[in-house]
Amino acid sequence: MSQARFLPYDAVTDWLRKIAETMRVTAPVREGNSVVFRDFDPEEPLVLGHQSAASPKSVVFPQLEYLFRYKTDRTADENGVRQITLEPIYPDEDVFVFGANPCGARGLTTLDPVFINDEYVDPYYKARRERSIIASIVCTLPGDACFCHWVGGNPNDPVGSDLVLTPIEGGYLVRAHSEKGEKLAAGLDKADAREEQAAQQVEDAVLATLDPPPDLTDCPDVMENVFDDMELWEQVSDKCIYCGACTYYCPTCYCFNITDEASGIAGERIRSWDSCMFPTYTREASGHNPRPTKAHRFRNRILHKFSYYPKLYNRVFSCTGCGRCIRMCPTTVDIRDAVLRVKEAATKDESAKEVSDG
Ligand code: SF4
Ligand code: SF4
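Analysis parameters
- Residues numbered from 1 in each chain as written.
- Chains lettered and ligands numbered in written order.
- Predicted model: local features only at pLDDT ≥ 70, side-chain atom pairs only at ≥ 80, totals over all residues.
- Heavy atoms only, no water.
- Helix = DSSP H or I, 4+ residues; strand = E, 2+ residues; numbered from the N terminus.
- Buried < 20%, exposed > 50% of the residue type's maximum accessible area, 1.4 Å probe, protein only.
- Polar contact = N/O pair within 3.5 Å; in protein donor to acceptor, adjacent residues only side chain to side chain.
- Contact = heavy atoms within 4.5 Å.
- Near = heavy atom within 4 Å.
- Nonpolar A, V, L, I, M, F, W, Y, C, P; charged D, E, K, R; others polar.
- Salt bridge = Lys/Arg side-chain N within 4 Å of Asp/Glu carboxyl O.
- Pairing = 2+ DSSP bridges.
- Axes fitted to C-alpha atoms, helices over the stretch in contact; angles between N-to-C directions.
- Core = buried A, V, L, I, M, F, W, Y, C linked by side-chain atoms within 4.5 Å.
- Domains from an automatic or database assignment.

Enquirer: Is there a simple way to explain the side chain of T252 in this structure?
Expert: Mapped onto the elements, T252 comes out in the loop between α9 (245–249) and β11 (256–263). The exposure class assigned to T252 is buried, which follows from its relative accessible area of 0%. Engagement of the side chain of T252 in a polar contact is seen with the backbone oxygen of S318, the distance being 2.9 Å. With near-sequence residues (within four places) excluded, T252 lies in contact with G107, T110, L111, K305, S318, C319 and T320.

Enquirer: Looking at this structure, how should I read the site of ligand 2?
Expert: Residues in close proximity to ligand 2 include F147, C250, P251, K305, C319, T320, G321, C322, G323, R324, C325 and I335, which together make up its full environment. Residue composition of the shell around ligand 2, grouped by class: seven nonpolar, three polar and two charged.

Enquirer: So what exactly am I meant to see when it comes to the pattern of salt bridges here?
Expert: Oppositely charged side chains can pair when the atoms bearing their charge come close. Scanning all chains against the criterion turns up 21 salt bridges. For D39, the salt bridge is made with R24, and the minimal N-O distance between the two is 2.8 Å. Here D39 is found in strand β3 (residues 34–39), whereas its partner R24 is found in strand β2 (residues 24–31), with 15 residues between them in sequence. A network of salt bridges, in which partner residues are shared, links E65, D122, R128 and R271.

Enquirer: Can you help me understand the sheet that holds β3 in this one?
Expert: Note on sheets: strands pair through backbone hydrogen bonds, and any given pair is parallel or antiparallel. Read across the sheet, eight strands follow the order β3-β2-β6-β7-β8-β9-β1-β10 without closing on themselves; strand pairing throughout is mixed. Two strands lie at the open edges of the sheet, namely β3 and β10 (189–190), each paired on one side alone. Here helix α3 (residues 102–115) sits on the sheet and contacts β6 (95–100) and β7 (132–137); the angle it forms with β7, its principal contact strand, is near 145°.

Enquirer: Would you mind going over the nonpolar core with me for this structure?
Expert: For soluble globular proteins, the rule of thumb is that nonpolar side chains tend to be buried together. W233 and F306 are the most contacted members of the largest nonpolar core, which has 33 residues in total. Put simply, the parts of the chain that give this core at least two residues each are α7 (219–222), α8 (230–236), α10 (294–312), α11 (324–328) and α12 (335–357). For this core, the two domains that each supply at least three residues are domain 1 (5–61 + 93–209) and domain 2 (218–357). Apart from the residues within four sequence positions on either side, F306 is in contact with V151, L216, C219, P220, M223, F317, C319, I335 and V339. Within the second largest apolar cluster, 22 residues are counted, among which are W15, I133, A135 and I137.

Here it is as C-alpha cells:
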C-alpha cells in the first residue's frame, strides 16, 4: 500500500470539482429524509459519513439499462428471414463514487463473480466496473440495523473500495487500495505520522464498539436441512407483504428482467432490476409458479444469500450486513432474526441427523 494522503475537509469540494473535469462524480446528498447519491454539484452540501438509502450498486448495475438498439429489415429474404441490425449501447464515461459506506462498496465485490466469471462475461457490467472508482468513508456510527461484522466485513473494511477515507481532526486520512485509487489521490499532500496514528485510533475505536457476532460460518452447510420445513418459512416470513423494497435497496441483489421496447421495426432491449420477492418472479408461461407463496420466496432470499451463493463463491455471504433491508422494510422484517431462527432450526436438524446416524 502506498503512503497515505491527507484531504482537509475544506478542500473536499475543490478536489471533487477538479476530478469532475475529467469524469462523472457522484456523491451523497440529502433529499427529503433520505441520503442519496447524485451527480456532484459544488453548490449542494454533501452528506458524508451517513449511510445512503441505496448503495452505489446502480453505478455498475443500473436499475434500468439500455443494452442495445435493433432494427429489422422491412422485407424478408427469399427464405422468409429478416435481417436484424444490433447496435450495443456501452457505457461511455468514467464514474467516481465519493462517500460510499464500506458495506456498500463491499457489495460490488459480491456482484463481480456473477457477472464476470470463467464461463460468461457480461460486457455491460464489466465496462461499468472497469470505469468506476469507489471512495468509501470509514463508518464511525454503525446504526442499530447494521451487522457487517456478522458477515465478514467491518466499519473500516477496504474490500471493494479503491480509496478509504478515515475522518480525523481537520480532514480525512486517505488510503489507496488500488492503482486507480492511488492515481486519483496522487495530487493530495502526504499524511504525516500523527495523522496516520489519529486514523488508526478512529478505526480501532469503532471496532471496539461492536458486539461479538454470532457464528454464521456453518450456514452454507446446514441451512438447507430446513428447506422443506414450510412451517418455519411461514413463521419467519409472516410479516412480509412482498413489496420487494429489501431487494431493491440491497447492495448484493442482482436479479434482473429483460424487456424489449419496440416501435415498428426498431426498438431497444432493456435490462431492469427484478426481485425474488415479487409473486410473478418465477411464474412460468403455463401459470405454474414453483415459488407460489411468500414463504417460498422468502426462503429463496435467505437461502440464496446464506447458502447457495456462498457455496458457489468461496463461502462469501451475499449479504454485507448493511441493514438496508431492515431499515427499508415497511413491516419491520429483520433478516438477522430470520437467519438466526433458520440456522437454529437447521442446526437442531443436523444434530438430530447425527444422533440417528449414530
Ligand atoms: S421489504 Fe419487508 S415486506 Fe417488503 S418484501 Fe422485503 S421483507 Fe417483505
Ligand atoms: S440482505 Fe439486507 S443487510 Fe444484507 S446486504 Fe442486502 S440489504 Fe444489506
